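Below, each chain spelled out in residue letters.
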Amino acid sequence: QVQLVESGGGLVQAGGSLRLSCAASGSIFSINAMGWYRQAPGKQRELVAAITSGGSTNYADSVKGRFTISRDNAKNTVYLQMNSLKPEDTAVYYCNAESAPPRVDYWGKGTLVTVSS
C-alpha cells in the first residue's frame, strides 16, 4: 500500500503561482510513476502532469509552459509548480502513484486550487 498526502492548494489570483506537494509513504519501492490529476466541477478527472522513476515527464497541452512537475526521491515527494494560473485551472488536484506491473493506482484525497479572475 502507498499513502499520498497533498498540500499547497489555496486561492490565488489569475497570473499568480502555487506549488503543490505530495508526500508518499508506505510501499514506495513499488512506485513506477507519479502524477497530478485534476477534476473541475462537472468535468471528468484529467491528467495534468506525470513523472516516471527515471525522470521523464508528460504534461497536458493546457499546462505546458506554465506547470512543472518534479520529484525529490530523498523526501519521497512530488511537486507541481504552477505559474501563470488561469481561472480555468480551478479544480481539485489529486496526487497519483502508479505501481509497477501489475499496475495499481493510489490516490491522495485532493487539494483545492481556486484561481480568481
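Scroll up to find the structure.
Attention in this report is confined to the structure presented alongside it. (Residues numbered from 1 in each chain as written. Predicted model: local features only at pLDDT ≥ 70, side-chain atom pairs only at ≥ 80, totals over all residues. Heavy atoms only, no water.)

A few words now on the overall build of the chain. When helices and strands are tallied, the chain shows zero helices and eleven strands. Written out in order from the N terminus, the α and β elements of the chain read β-β-β-β-β-β-β-β-β-β-β. Oriented by its inertia axes, the alpha-carbon framework of the chain measures out at about 40 × 25 × 25 Å. Summarising the internal contacts of the chain: among those between residues at least 6 apart in sequence, 53% fall at separations of at least 24. Of the roughly 6200 Å² of accessible surface on the chain, a fraction of 49% belongs to carbon and sulfur atoms. For the chain, the separation between the mean place of its 11 positive charges and that of its 8 negative charges on side chains is 3 Å. (Helix = DSSP H or I, 4+ residues; strand = E, 2+ residues; numbered from the N terminus. Contact = heavy atoms within 4.5 Å. Areas by Shrake-Rupley, 256 points an atom, 1.4 Å probe, with all protein chains shown as cover. Lys, Arg positive; Asp, Glu negative; His and termini not counted. Charge placed at Lys NZ, Arg CZ, Asp CG, Glu CD.)

This part covers the pattern of salt bridges. Evaluation of the coordinates by the stated rule reveals six salt bridges. Residue E46 is joined to R38 by a salt bridge in which the shortest nitrogen-to-oxygen separation is 2.7 Å. Since its relative accessible area comes to 37%, E46 is described here as partly exposed. Residue R38 is classed as buried on the basis of its relative accessible area of 7%. Among the charged side chains, a salt-bridge network with shared partners connects R38, E46, R66 and D89. (Salt bridge = Lys/Arg side-chain N within 4 Å of Asp/Glu carboxyl O. Buried < 20%, exposed > 50% of the residue type's maximum accessible area, 1.4 Å probe, protein only.)

Our next topic: the state of the cysteines. Counted under the stated rule, the structure contains one disulfide. Through a disulfide, C22 is tied to C95; the S-S separation comes to 2.0 Å. Because the torsion about its S-S bond is -85°, the bridge between C22 and C95 counts as left-handed. With C22 in strand β3 (residues 18-26) and C95 in strand β9 (residues 91-99), this residue pair connects regions lying 73 residues apart in the sequence. The exposure class assigned to C22 is buried, which follows from its relative accessible area of 0%. (Disulfide = S-S within 2.5 Å.)

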